[in-house]
Amino acid sequence: MGGAVPRRSRREGTSAVTVVDNPVWVDELRALEAEAVHIIREVVAELERPVLLFSAGKDSIVLLRLAEKAFRPAPLPFPILHVDTGHNFPEVIEFRDRLVADTGHRLIVASVQDSIDRGRVTEADGPGSSRNRLQTRTLLDALEEHRFDAAFGGARRDEERARAKERVLSFRDEFGQWDPRSQRPEPWSLYNGRIRRGEQVRVFPLSNWTEIDVWRYIQLESLALPSIYFAHDRQVFERDGILLGLSEYTIPTEDETVHRLRVRYRTVGDLTITGAVRSDADDVDGVIAEIAAATVSERGETRADDRTSAAAMEDRKREGYF
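So, here is what we can say about the structure in this document.

Conventions and cut-offs
- Residues numbered from 1 in each chain as written.
- Predicted model: local features only at pLDDT ≥ 70, side-chain atom pairs only at ≥ 80, totals over all residues.
- Heavy atoms only, no water.
- Pairing = 2+ DSSP bridges.
- Helix = DSSP H or I, 4+ residues; strand = E, 2+ residues; numbered from the N terminus.
- Axes fitted to C-alpha atoms, helices over the stretch in contact; angles between N-to-C directions.
- Salt bridge = Lys/Arg side-chain N within 4 Å of Asp/Glu carboxyl O.
- Buried < 20%, exposed > 50% of the residue type's maximum accessible area, 1.4 Å probe, protein only.
- Phe/Tyr/Trp six-rings, centres within 6.5 Å; stacked < 30°, edge-to-face > 60°.
- Parallel < 35°, antiparallel > 145°, perpendicular 65-115°, else oblique.
- Left-handed = near helix turned anticlockwise from the far one by under 90°.
- Contact = heavy atoms within 4.5 Å.
- Nonpolar A, V, L, I, M, F, W, Y, C, P; charged D, E, K, R; others polar.

What about the sheet that holds strand 3 (residues 50-53)?
Step number 1: Within the open sheet, the six strands sit side by side as 5-4-3-6-8-7. Their pairing is mixed. The sheet is open, and its two edges are formed by strand 5 (107-111) and strand 7 (169-172), each paired on a single side. In this sheet, neighbouring strand axes are inclined to one another by 30° on average, regardless of whether the strands run parallel or antiparallel.
Step number 2: When strand 6 (residues 150-152) meets strand 8 (residues 200-203), the two strands line up parallel, connected through three bridges. Among the inter-strand pairings, phenylalanine 152 is bridged to a residue of strand 8, identified as valine 203.

Quick look at the structure:
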């Protein structure tokens, strides 16, 4: 790694050549990559039926690339699972389906709508209502149905305070619930993956990554992303300080005004609670520059579900959330 390394940074439908001027962070990314690959291999060696949680967001795209690297040239030894709220950004679902078709990975879709239809969960009505919390029941049912004992997720410690409490291996009881006081020590990156019948473990190989690490890895590996991660014109309205995109599921009230703005998304989730940010960053270099100057975390700036209380994420994780 003695000199500048030319790499291609690609967004959906376009590409641009970017020269890496600082090989130091390339070395740092390769060290993070090696750590994540080690974690993935350790879990597959210790547990019987793992699965990779895949939302087609940037973190899960990076996680999928790491899993591919862990087992190349063999195919993935586990499927990928998308918990589909039914209120997704169309660009993200199109990207998900195209990626699966191109790679041949086995995709399992767990539908929140199916959970509603079967009476497993009840959907709320009115402005501000969301299916986001309903995902927990759908996820737990899918893990039980397919007898998965380990689920890889793309969560990072820098995202939110509750996630900062989790270990790389986050153990859940037979009900899928998480107790932050019962986490196992992980000295010297030694992981104890033993579980009792009925228990599960969530695995976070990106725990030590930051948002800018993820984007630099996307640049380094020339990973394609859904187009909504880059600046585009969209009709949005402001609700509780968040710019929500206009859709059949997000309808402004009488006192909320729709504007057409240049925006992008820092994170991908249920469109009813995921906000956009004003941006002119239409390529990876531009996004990295924006993140480097940002003073608010991606979830803090764009996720309405984290604003319900100071412990909103921790409450959901205790119930079995990702």
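Don't stop here, the text continues.
Examining the pattern of salt bridges
Step number 1: As enumerated under the stated definition, the model contains 17 salt bridges in all.
Step number 2: Between arginine 30 and glutamate 33 there is a salt bridge; the shortest N-O distance is 3.0 Å. You can see arginine 30 and its partner glutamate 33 sitting in helix 1 (residues 23-46), three residues apart, about one turn around the helix.
Step number 3: Given the relative accessible area of 12%, glutamate 33 is considered buried.
Step number 4: Among the salt bridges present, the one from arginine 120 reaches aspartate 141, with a minimum N-O distance of 2.8 Å. Taken together, the residues arginine 120 in the loop between helix 4 (112-117) and helix 5 (135-145) and aspartate 141 in helix 5 connect sequence positions 21 residues apart.
Step number 5: Since its relative accessible area comes to 12%, aspartate 141 is described here as buried.
Step number 6: Within the structure, one salt-bridge network assembled from shared partners comprises Arg30, Glu33, Arg65, Glu68, Lys69 and Glu221.

As for the packing of aromatic side chains
Step number 1: Tallied over the full model, the rule gives six aromatic pairs.
Step number 2: Taking the centre distance of 5.9 Å and the plane angle of 80° together, the rings of tryptophan 215 and phenylalanine 230 count as edge-to-face. With tryptophan 215 in helix 7 (residues 211-221) and phenylalanine 230 in the loop between helix 7 and strand 9 (232-239), this residue pair connects regions lying 15 residues apart in the sequence. The two residues tryptophan 215 and phenylalanine 230 agree in class, both being buried.
Step number 3: A connected cluster of aromatic rings, assembled from ring pairs, spans Phe71, Phe78 and Phe152.

A few points about unusual backbone geometry
Step number 1: Here arginine 72 and proline 73 are connected by a cis peptide whose omega angle stands at 0°.
Step number 2: Residue position: proline 73 is located in the loop between helix 2 (58-71) and strand 4 (80-84).
Step number 3: At alanine 56, a residue that is not glycine, the phi angle is positive and equals roughly 70°.
Step number 4: As for its position among the elements, alanine 56 is in the loop between strand 3 and helix 2.
Step number 5: The exposure class assigned to alanine 56 is buried, which follows from its relative accessible area of 0%.
Step number 6: Positive phi is not limited to glycine here, since serine 222 has a value of about 55°.
Step number 7: If you trace the backbone, serine 222 turns up in the loop between helix 7 and strand 9.
Step number 8: We classify serine 222 as buried; its relative accessible area is 19%.

What about the packing of helix 7 against helix 8 (residues 284-293)?
Step number 1: Two elements in contact, helix 7 and helix 8, have axes separated by 10 Å at closest approach and are oriented at 165°. The angle between helix 7 and helix 8 places the two elements in the roughly antiparallel class. In this structure, helix 7 meets helix 8 at a crossing whose hand is left-handed. Contacts between helix 7 and helix 8 involve Glu211, Ile212, Trp215, Arg216, Ile218 and Gln219 from the first element and Val284, Asp285, Val287, Ile288, Ile291 and Ala292 from the second.
Step number 2: Grouping the constituent residues of the contact of helix 7 with helix 8 by class yields eight nonpolar, one polar and three charged.

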